[in-house]
Structure formats: C-alpha cells, structure tokens
Amino acid sequence: LTECRHRHGMMFVTYTDVTEARARELQLRNKEMEVRKLAEIDDLTNLTNRRAFDDLLSARIKTRRDRSSNDNDVLALILIDLDRFKPVNDTYGHALGDALLQVLADRFRGIIRETDTMARIGGDEFAAIVGVDSEREALKFATRLRDAAKAPVFINGTEVNVDASIGVTFLADEIAGTEDFLMAADLALYAAKEEGRGTIRTYEPILAERAKKKYSLEKDLRSALNKDEIILYYQVQRDLRTNTNVGYEALMRWQHPTRGLISPVEFIPLAEETGLIVEMGRWALRQAASDFAKLDDTTRVAVNVSPVQFLNSDLVADVKAALLESNLEPHRLEIEITEDVLIEDTDNTLKTLLELRKLGLQLSLDDFG
C-alpha cells in the first residue's frame, strides 16, 4: 500500500511485505490441486476415476446438445471389461494384477486423444468418451483398445495374456442423460461378453428389450419355487446292450402360469447367474429322492448339480438331508456334475466327490468335452 501526503512538502510511503501471504496462497493452491487430483484421478493407473468420469460424461452430453443441430460429429461411449483377469490375480497375485492394469492403462492412454477421456471405473473395467466424425471411427478406437488389451504383457519376466470385451454406444435423441448413456453401453458390453471373449458390440434397442424381459423373468423365477411352478420330469436311462431301463434322470422344468412351459436353456443360466440355482438344486435333490423312495429298491435316479451349486453350497449336507428325509438308499442316487466343476477348484472338488462316494452314491460326468 502506498499513501502519499504533501503536507509540509513531505511524502510518506508505507510498504507491506506480502511474500509470506503469497507463499501461503501458492501452498493452498497446490494443496487444492492435490485434493482435486485425489478426488478425480485413479491412484493406481493415474487415469480419470469413476466419480470424475461421470461428471465429465454429463458435461460432454450437455455440450453436445447445446451445439447446433447441424453438427454431424458423434459422441461415443466405450466400455471395456478385461477377460481372464481374475485367473491372473488368482495365479500370480494381486501385485502382478495391479502391474498389468498399469501397463494396459498406459496403452489405452496412448490410443485416446487429449481431447477425449480415458478412465478406470472399476476393478478391471475401463471407459472412454470420444468425439468422432462417424460411428465407424469410434469402432476403430474400440478395436485398437481391444487389440491393446490382447497383446501380451511381460512383467518381471512373466508373460501375461488377457483379452477385452467392449460395448459401444452413441449419443442419440432417446438417451435422456448420463444414466441412460451408461446403461446402453452396459447392455452392449453384456451382449459382447455373452458372445465370447474379445468381442465388440454396439448398442441396439433390442438389447434393452431383452434386458427388460430378463428382469421380468428373474422376478418371476424368485417366487417360482414357493408357488410350486418348478417341476421335475424324469427321462429314462436305457442300457442298449440289454434293452432294459436302468434308471432315470431328473430334469428341471418351469411351468409358468402365463408363459407356459419354459425351457431350462432359458431359465437355468439365469438361476445360476442370480444364485437361485442353489435353492432350486437343493429342492430337486429332495424331490427326486422322495419320488423314487416310493418305488422299488433297484431303480436309480440321477440329479444334475450345477457348478454354482457345487461351489456355493454344502452339497454333502444337502445330499445327506435328502436321503434322510426320503429313506432312499444311497446307491440309488446318482449325482451328475459337469467338467466345469473339476476345472474350478480341483482340491475342494475332489474332497467333496470323495465324501459323496463314501455315502454310497454314484457319480457321473455330464456334458463332457
């Protein structure tokens, strides 16, 4: 501050040293930048994090909609989910898994332009917001991202291989905002994962219709057991050498009150995905044992056990309970498992199978190959 007075022919000047105040201001500004970085940057990959990504996506949508309707540029949202990442963590440990994510993040960052956004939005999930001239250009970006994930990664002398499923969607009039945009990309990603590893799918309205139907089916399936809509059909097992019946296989069916008989191809995967298969499988064991305990003492019944049921329930306890309730002789019950069960967790699987054998059950491998 400078103050001038001209009384008696003199001038007084006052100085205030602002060095410390400026230093504090700069320190505060740096701290604010650090806090903002912590709030907006993923600490593992240094990409944009989920919270900041949502804000940026909302801003990009608003900016695009505020422009002239004559603009022909396209706003694309790309979701990336790594395939076979869990086995990497399980085999080599989380430290190597984290190092892999850092390498892939650097590769992705090198593909996306500075004007666009690359983010890590989940454990092994990434997302990109890109402005392009055409949908075809966006798919080229998606392909490059997929190929970058697919290329081998070498970490401390270890070669690691993963792949990526990718969902792509474009901002359209029917998309109201951020939530709709993300939902459309999610549906495309889910469709890509269903088709197989390393697949790229774009959003189509039919995907939303399928999701709605699936949700409705899941809602009905949750109450199907309590409403006695799940039933067992018994398919005969015949010995072709003697041309005689040697047993039956219990097959689960869903008698829906309005949709009619629903194929297990449609509802079993849904039951496995939601975990409902554990309760349904437990019921099938009890019901089959009860039905065949009433027959002669030689007829055998085979019951399928889902990999989800095998790994997420106490199967030995469930079998014991079914045999005890029905008084069915153990040698008349056969448990069918798929080869997937043997691949998942060999040690625990063999332990369970040995315990089932000790009970006197028959075991068979279904869907082999």
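First, a word on what this report is: a plain description of the structure on this page.

What counts and how
- Residues numbered from 1 in each chain as written.
- Predicted model: local features only at pLDDT ≥ 70, side-chain atom pairs only at ≥ 80, totals over all residues.
- Heavy atoms only, no water.
- Helix = DSSP H or I, 4+ residues; strand = E, 2+ residues; numbered from the N terminus.
- Rg over C-alpha atoms; globule rule 2.2 N^0.38 Å.
- Buried < 20%, exposed > 50% of the residue type's maximum accessible area, 1.4 Å probe, protein only.
- Contact = heavy atoms within 4.5 Å.
- Areas by Shrake-Rupley, 256 points an atom, 1.4 Å probe, with all protein chains shown as cover.
- Lys, Arg positive; Asp, Glu negative; His and termini not counted.
- Charge placed at Lys NZ, Arg CZ, Asp CG, Glu CD.
- Salt bridge = Lys/Arg side-chain N within 4 Å of Asp/Glu carboxyl O.
- Pairing = 2+ DSSP bridges.
- Expected span 1.5 Å × (residues − 1).
- Axes fitted to C-alpha atoms, helices over the stretch in contact; angles between N-to-C directions.
- Parallel < 35°, antiparallel > 145°, perpendicular 65-115°, else oblique.
- Left-handed = near helix turned anticlockwise from the far one by under 90°.
- Nonpolar A, V, L, I, M, F, W, Y, C, P; charged D, E, K, R; others polar.
- Arc of directions from axis to C-beta.

1. Quick word on the overall build of the protein chain
And then number 1: On a plain count of helices and strands, the protein chain comes out with 13 helices and 13 strands.
And then number 2: A globule of 369 residues ought to have a C-alpha radius of gyration of about 21 Å, yet the protein chain, at 31 Å, is considerably larger.
And then number 3: In terms of its C-alpha atoms, the protein chain occupies a principal-axis envelope of roughly 130 × 50 × 40 Å.
And then number 4: In the protein chain, which comprises 369 residues, the proportion classed as buried is 40%.
And then number 5: Considering only contacts in the protein chain between residues 6 or more positions apart, those separated by 24 or more positions represent 68%.
And then number 6: Summing over all exposed atoms, the protein chain offers an accessible surface of approximately 21,800 Å²; the carbon and sulfur share of this is 50%.
And then number 7: Taking the average place of the 49 positive charges on the side chains of the protein chain and the average place of its 65 negative ones, the gap between the two points comes to 4 Å.

2. Some words on the pattern of salt bridges
And then number 1: Scanning the entire structure with this criterion turns up 22 salt bridges.
And then number 2: With its nearest N and O atoms 3.2 Å apart, the salt bridge here joins R120 to D42. Here R120, found in strand β2 (residues 117-120), pairs with D42, found in the loop between α1 (19-40) and α2 (50-66); they are 78 residues apart in sequence, far enough to count as distant. As far as burial versus exposure is concerned, R120 and D42 are alike and both buried.
And then number 3: Between E218 and R222 there is a salt bridge, with the nearest N and O atoms lying 2.9 Å from each other. Remark: R222 and E218 occur in helix α7 (residues 205-224); sequence separation between them is four residues, near one turn of the helix.
And then number 4: Take R222: its relative accessible area is 46%, and that puts it in the partly exposed class.
And then number 5: Shared partners join several salt bridges into a network, and the residues in it are R60, R113, D116 and E137.

3. Digging into the pairing of strand β1 (residues 74-83)
And then number 1: Within β1, 10 of the 10 residues are buried, which leaves it mostly tucked inside the rest of the structure.
And then number 2: Judged by which residues are buried, β1 turns out to be covered on both faces: V74, A76, I78, I80 and L82 on one side and L75, L77, L79, D81 and D83 on the other are all buried.
And then number 3: By the bridge criterion, eight bridges tie β1 to strand β6 (residues 163-170) in an arrangement that is antiparallel. Paired with L79 across the strands is G167, a residue of β6.

4. A few points about unusual backbone geometry
And then number 1: In this structure, N156 takes a positive phi of about 50° despite not being glycine.
And then number 2: Judged by relative accessible area, N156 falls into the exposed class, the value being 78%.

5. Focus on α2
An α-helical segment advances 3.6 residues per turn. Residues three or four places apart therefore align on the same side.
And then number 1: Over its 17 residues, α2 extends 24 Å from the first C-alpha to the last, a length consistent with the 24 Å expected when each residue adds 1.5 Å.
And then number 2: For α2, every residue scored as buried is listed here: A52, F53, L57, I61 and R64.

6. Here we look at the packing of helix α11 (residues 315-326) against helix α13 (residues 346-358)
And then number 1: At their nearest, the axes of α11 and α13 sit 10 Å apart, and the two run at 20° to each other. Taken together, α11 and α13 sit at an angle that is classed as roughly parallel. Note that α11 runs across α13; the crossing there is right-handed. For the pair formed by α11 and α13, the contact residues are L315, V316 and V319 on the first element and T352, E355 and L356 on the second.
And then number 2: Class assignment of the residues belonging to the contact of α11 with α13 gives a composition of four nonpolar, one polar and one charged.

7. A look at α11
And then number 1: For α11, with 12 residues, the first-to-last C-alpha span of 17 Å sits near the 16 Å given by 1.5 Å per residue.
And then number 2: What α11 keeps buried is the set L315, V316, D318, V319, A322, L323 and S326. End-on view of α11: buried residues confined to an arc of 165°, all on one side of the axis. Away from the buried face of α11 by more than 90 degrees, exposed residues L324 and E325 are located.
And then number 3: On its buried side, α11 packs onto α9 (276-293), α10 (307-312), β12 (333-338) and α13.

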